[in-house]
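Spelled out from the first residue to the last, the chains are:
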Amino acid sequence: MRSIVIFDLPVKTKTERRLATQFRKALLDDGFEMLQFSVYTRICQNRDNATMHLNRLKKLAPSTGSIRMLMVTENQYSDMAIITGEKTVQEKQVTYKQLSLF
């Protein structure tokens, strides 16, 4: 299963930029990888694990802006069409099959 965090945070003031940076760092510290700007993804073992990360992010999220989290199966994620660009290095290296080793 994949958790996908999509966000749009205000960055007009110094405080807003600091809060947005803290949120992005919190995503990275929680094991998320940047898929594209303001879109981060993480492999989760199951829905309970994804929900745990959701609850953790709710506590760390700034009070302004827009933050959403999708939970999709690995099959749904792998069926994503790439219109322009190519897979990231992380997408090429890590697959859901590696998760079955845990």
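Quick caveat: nothing in here was measured; it's all calculated off a predicted structure.

Conventions adopted
Residues numbered from 1 in each chain as written. Predicted model: local features only at pLDDT ≥ 70, side-chain atom pairs only at ≥ 80, totals over all residues. Heavy atoms only, no water. Helix = DSSP H or I, 4+ residues; strand = E, 2+ residues; numbered from the N terminus. Buried < 20%, exposed > 50% of the residue type's maximum accessible area, 1.4 Å probe, protein only. Contact = heavy atoms within 4.5 Å. Areas by Shrake-Rupley, 256 points an atom, 1.4 Å probe, with all protein chains shown as cover. Pairing = 2+ DSSP bridges. Axes fitted to C-alpha atoms, helices over the stretch in contact; angles between N-to-C directions. Salt bridge = Lys/Arg side-chain N within 4 Å of Asp/Glu carboxyl O. Polar contact = N/O pair within 3.5 Å; in protein donor to acceptor, adjacent residues only side chain to side chain.

1. Here's the deal with the overall build of the chain
Helix and strand counts for the chain stand at 5 helices and 4 strands. When burial is assessed residue by residue, the chain has 29% of its 102 residues classed as buried. Sequence separation of at least 24 residues holds for 67% of the intrachain contacts in the chain that already meet a minimum separation of 6. When the accessible surface of the chain is split by element, carbon and sulfur atoms take 53% of a total near 7300 Å².

2. Topic: the sheet that holds strand E3 (residues 39–43)
In spatial order, the strands read E2-E3-E1-E4; together these 4 strands make up an open sheet with antiparallel pairing. Each edge of the sheet is formed by a strand with only one pairing partner; in this case those strands are strand E2 (33–36) and strand E4 (66–72). Taking each pair of neighbouring strands and ignoring which way they run, the sheet shows an average axis angle of 25°. Of the strand pairs in this sheet, strand E1 (residues 2–8) and E4 are connected by 7 bridges, and their pairing is antiparallel. Bridged to Asp8 within E4 is Ser66. Strand contacts of helix H1 (residues 14–29): E1, E3 and E4, with the helix running at about 170° to E1, the strand carrying the most contacts.

3. A closer look at the pattern of salt bridges
Throughout the structure, instances matching the rule amount to 2 salt bridges. Here Arg2 ties to Glu74 by a salt bridge, and the two come within 3.1 Å at their closest N and O atoms. You can see Arg2 sitting in strand E1 and its partner Glu74 sitting in helix H3 (residues 74–78), a full 72 residues away along the chain. The class of Arg2 is buried, set by a relative accessible area of 6%. Look at Glu74 and you get buried, because its relative accessible area is 9%. For the salt bridge of Asp30 with Arg56, the shortest nitrogen-to-oxygen distance reads 2.3 Å. One end of the pair, Asp30, is in the loop between H1 and E2; the other, Arg56, is in helix H2 (residues 47–60), and 26 residues separate them in sequence. When its relative accessible area of 35% is taken as the criterion, Arg56 is described as partly exposed.

4. With respect to the environment of Ser78
Tracing the backbone shows Ser78 in helix H3. Along the sequence, Ser78 and Arg2 sit 76 residues apart, while their C-alpha atoms lie 9.9 Å from each other. From its side chain, Ser78 meets the backbone oxygen of Asn75 in a polar contact 3.0 Å long.

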